[in-house]
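This is what each chain is made of:
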Amino acid sequence: MTTQPPQPLMPATISSPCLSPASVVKPKLRVYRKNKSRVEEDGTLEMANPVKMFDRIVIHPVAWPNEALRWIGVPRHLPTTSSPSPVKLPQGVMSSALRQTYEHVADTIRQGVPVAREDLSNLVIDAFASIACVQSAFIYSRAKAYLTLGEFRVRVEPMHGFSGSGIAPVLAYVDEPFRVAQRAKLLTWRATCMDRGDHRQDDNRVDMMDVVLLLAMAQEHKRWSVPADATGCHTTRVMYPNAKGDAMIVLTAVTAAETLAGIQNAADTLKRIKFSRREVRILESSDDGCEASPLLQMVWAVVKEGKELAIKAPAPRWPIGPWAWTTHF
């Protein structure tokens, strides 16, 4: 009997069997991305629940890495909104303290010299105090907010927090030195090891602390039963000076009420928060008066909004919310 030598395997011999399209299993990576960027019927994207992130990164949210911005759904380039039509402020808006502070800041800007951070901070405080007095509004200042993520409740503290009657926060003011000090205060061991350059203010980049403040303020609305607007959303803002010090950058977050409820109920996905950005100049031009200042006009609108929200909300019982535990105007 003659032994036949082994035959080499041909491609047809080792080809995989034919599979029907229904039996093909897609890679998990593709399915993950598809679920993360799923589009709802109303055209808005969903985002992951921040509670899930807190389980992965067991540190204070203010010190979360910049990668967390993508998880929350913050776009890399925020859409820029146009400023509203200029409105002449009524007479009597400028108190003597506000007029003195504003003229000092305006003269510094006209000279092309960087404005000191203390002067910008005083301008914002005096503007809210003076305009709140004219509108007969109770606007609280220098307050704190609390961010609730599942069973965890952490405090986030802006440099200045402005809220209608202590229950309707509408704007938080921060700046770069304050952010650095807060991170060093919250996580000393991390502050000594991290690269401070990664957390320097970039006018075109969103800071994690600002996003945490926006979400915490929206949760304060829900906590104190502040009604949502006609679209079922809550609007909060964070403001900080730009690198030159001649304008303010305002980040606005529009958070749906169902998103806040989903965070509380530990839902897997949430309706995405809409973020936007705009730059508000302190001076309209070198020849215009203080009543034409875009910054003061914006503060006028924010104070009016805070007053109206506080009126619509149920009467708070003692103790008033954490936004009211500090000085008020």
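Up top is the structure these notes are about.
Residues numbered from 1 in each chain as written. Predicted model: local features only at pLDDT ≥ 70, side-chain atom pairs only at ≥ 80, totals over all residues. Heavy atoms only, no water.

Draft legend 1. Molecular detail of the nonpolar core. In terms of nonpolar packing, the biggest core is built from 82 residues, with Tyr 102, Phe 128, Met 239, Leu 295 and Met 298 touching the most fellow members. When residues in this core are grouped by element, the largest group, 10 residues, is from helix α9 (residues 208–223). If we ignore the near neighbours within four places in the chain, the residues touching Leu 295 are Leu 123, Met 239, Met 248, Val 280, Arg 281 and Ile 282. (Core = buried A, V, L, I, M, F, W, Y, C linked by side-chain atoms within 4.5 Å. Buried < 20%, exposed > 50% of the residue type's maximum accessible area, 1.4 Å probe, protein only. Helix = DSSP H or I, 4+ residues; strand = E, 2+ residues; numbered from the N terminus. Contact = heavy atoms within 4.5 Å.)

Draft legend 2. Quick look at the sheet that holds strand β6 (residues 168–173). Read from one edge to the other, the open sheet built from 6 strands follows the order β2-β5-β6-β7-β8-β10, with strand pairing classed as mixed. In the strand order of this sheet, the two ends are held by β2 (139–140) and β10 (274–281), each with one partner. Alignment of β6 against strand β7 (residues 233–241), held across 3 bridges, turns out to be parallel. Within β7, the residue paired with Leu 171 across the bridge is Arg 237. Against the sheet, helix α6 (residues 117–134) engages β2, β5 (160–164), β6, β7 and β8 (247–256), with an angle of about 15° to β5. (Pairing = 2+ DSSP bridges. Axes fitted to C-alpha atoms, helices over the stretch in contact; angles between N-to-C directions.)

Draft legend 3. Expanded view of helix α7 (residues 176–186). Every buried residue belonging to α7 is among Phe 178, Arg 179, Gln 182 and Arg 183, and all of these are buried. The arc that holds the buried residues of α7, viewed along the axis, is 135°, so those residues lie on one side. (Arc of directions from axis to C-beta.)

Draft legend 4. Main features of the packing of aromatic side chains. Here the structure, examined in full by the defined rule, presents 1 aromatic pair. Relative to Phe 162, the ring of Phe 128 lies with its centre 3.7 Å away and its plane at 5°, an arrangement referred to as stacked. Taken together, the residues span a long stretch of sequence, with Phe 128 in helix α6 and Phe 162 in strand β5 at a distance of 34 residues. (Phe/Tyr/Trp six-rings, centres within 6.5 Å; stacked < 30°, edge-to-face > 60°.)

Draft legend 5. Looking closely at the packing of α9 against helix α10 (residues 257–264). Viewed as axis vectors pointing N to C, α9 and α10 meet at an angle of 95°, and their least axial separation amounts to 10 Å. By the criterion of interaxial angle, the relationship of α9 to α10 is roughly perpendicular. Within the contact between the two elements, α9 uses Leu 215, Ala 218, Gln 219 and Lys 222 and α10 uses Leu 260, Ala 261, Ile 263 and Gln 264. By residue class, the composition of the contact of α9 with α10 is 5 nonpolar, 2 polar and 1 charged. (Parallel < 35°, antiparallel > 145°, perpendicular 65-115°, else oblique. Nonpolar A, V, L, I, M, F, W, Y, C, P; charged D, E, K, R; others polar.)

Draft legend 6. Local environment of the pattern of salt bridges. The tally for this structure, following the rule as stated, stands at 7 salt bridges. For Arg 179, the salt bridge is made with Asp 210, and the minimal N-O distance between the two is 3.1 Å. Pair noted here: Arg 179 is in helix α7 and Asp 210 is in helix α9, with a separation of 31 residues, a long-range link. Comparing Arg 179 with Asp 210 shows no difference in burial state: the two are buried. For Glu 284, the salt bridge is made with Arg 281, and the minimal N-O distance between the two is 3.1 Å. Judged by its relative accessible area of 38%, Glu 284 falls in the partly exposed class. (Salt bridge = Lys/Arg side-chain N within 4 Å of Asp/Glu carboxyl O.)

Draft legend 7. View of α10. Within the sequence span of α10, burial applies to Thr 259, Leu 260, Gly 262 and Ile 263. Viewed along the axis of α10, the buried residues span an arc of 160°, placing them on a single side of the element. Along α10, exposed side chains directed more than 90 degrees from the buried face belong to Glu 258 and Gln 264. Looking one or two residues beyond α10, the residue adopting positive phi is Ala 266, at roughly 60°.

Draft legend 8. Up close: the side chain of Arg 237. Take Arg 237: it is sitting in strand β7. Side-chain polar atoms of Arg 237 contact the side chain of Glu 305, separated by 2.6 Å. Non-local contacts of Arg 237, meaning those with residues more than four positions away in its chain, are made with Val 170, Leu 171, Ala 172, Leu 214, Met 217, Val 250, Leu 251, Thr 252, Val 302 and Glu 305. (Polar contact = N/O pair within 3.5 Å; in protein donor to acceptor, adjacent residues only side chain to side chain.)

Draft legend 9. Layout of the environment of Ile 139. Considering the arrangement of structural elements, one finds Ile 139 in strand β2. On the accessibility criterion, Ile 139 (1% relative accessible area) is buried. Along the primary structure Ile 139 and Lys 304 are separated by 165 residues, whereas in three dimensions their C-alpha atoms are 9.8 Å apart.

Draft legend 10. Region of interest: the environment of Arg 179. Owing to a relative accessible area of 2%, Arg 179 belongs among the buried residues under this scheme. The spacing of Arg 179 and Gln 201 is 22 residues in sequence and 9.0 Å in space, taken between C-alpha atoms. Beyond its immediate stretch of four places on either side in the chain, Arg 179 contacts Val 174, Gln 201, Asp 207, Met 209, Asp 210 and Tyr 240.

Draft legend 11. Broad picture of unusual backbone geometry. Not every positive phi belongs to a glycine, and Ser 136 is a case in point at roughly 55°. Its place among the elements puts Ser 136 in the loop between α6 and β2. Assessed through its relative accessible area of 58%, Ser 136 is described here as exposed. A positive phi angle, close to 60°, is found at Ser 225, a residue other than glycine.

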